[in-house]
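# Topology and contacts: notes
Given next are the chains, with one letter for each unit.
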Amino acid sequence: MQIGLASDHGGFDLKEELKAYLKSMGHDPVDLGTFNEDSVDYPDYGALVAERVSKGDLERGVLICGTGIGMSVVANKFRGVRAALVNDLFSARFSREHTDSNILVMGGRIVGRALAREILRVWLETPFAGDRHQRRLEKIKALEKKNFK
Ligand code: RB5
């Protein structure tokens, strides 16, 4: 699976941790930055991943900032992106089963490394449940069509 990763300075450490974890699981993550702890603006990095997921160049994305809030706001500006801010295992599971989330967002200053790894594993392994949830996603698509240029 092609997974893109990006963070700002507040998520840099956790991004590095999750990149190594993805590699240990046999994935080949695409790291789009940031590449050190210097202060940067999260919209620049969130957009790099969200745009590629929106275009279908990447299947999934993982975005980390300090709280996860800024990155999730940015990512959900892109058509077809369903970015889920997840800092617990219950949300990790249901963001996939019910919402078919294609970008996982976490707060690097909120979740510990071990929990973040487990959230990522559950998020990657949980399939979308379809059925009534598909109908709801169709409604989201209709809203995008109506409201986005
Ligand atoms: C950067 O200090 C911080 O604002 C950012 O990482 C994030 O938490 C924004 O939502």
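Residues numbered from 1 in each chain as written. Predicted model: local features only at pLDDT ≥ 70, side-chain atom pairs only at ≥ 80, totals over all residues. Heavy atoms only, no water.

### Side note on helix α1 (residues 12-24)
Compared with the 18 Å implied by 1.5 Å per residue over 13 residues, the 19 Å span of α1 between its first and last C-alpha is a close match. Restricting attention to buried positions, one finds in α1 the residues Phe12, Leu14, Lys15, Glu17, Leu18, Lys19, Tyr21 and Leu22. Residues of α1 that are buried sit in contact with β1 (3-7), β2 (30-31), β3 (60-65), β5 (103-107) and α5 (113-125). Trailing α1 by a residue or two, Gly26 shows a phi angle of about 95 degrees, which is positive. (Helix = DSSP H or I, 4+ residues; strand = E, 2+ residues; numbered from the N terminus. Expected span 1.5 Å × (residues − 1). Buried < 20%, exposed > 50% of the residue type's maximum accessible area, 1.4 Å probe, protein only. Contact = heavy atoms within 4.5 Å.)

### Observations regarding the environment of Arg96
As for its placement among the helices and strands, Arg96 is situated in helix α4 (residues 89-97). Here Arg96 falls in the buried class, since its relative accessible area comes to 5%. Measuring from C-alpha to C-alpha, the distance between Arg96 and Thr67 comes to 20 Å, with 29 residues separating the pair along the chain. Looking at Arg96, its side chain comes within polar contact range of the main-chain oxygen of Ser101, at 2.9 Å. (Polar contact = N/O pair within 3.5 Å; in protein donor to acceptor, adjacent residues only side chain to side chain.)

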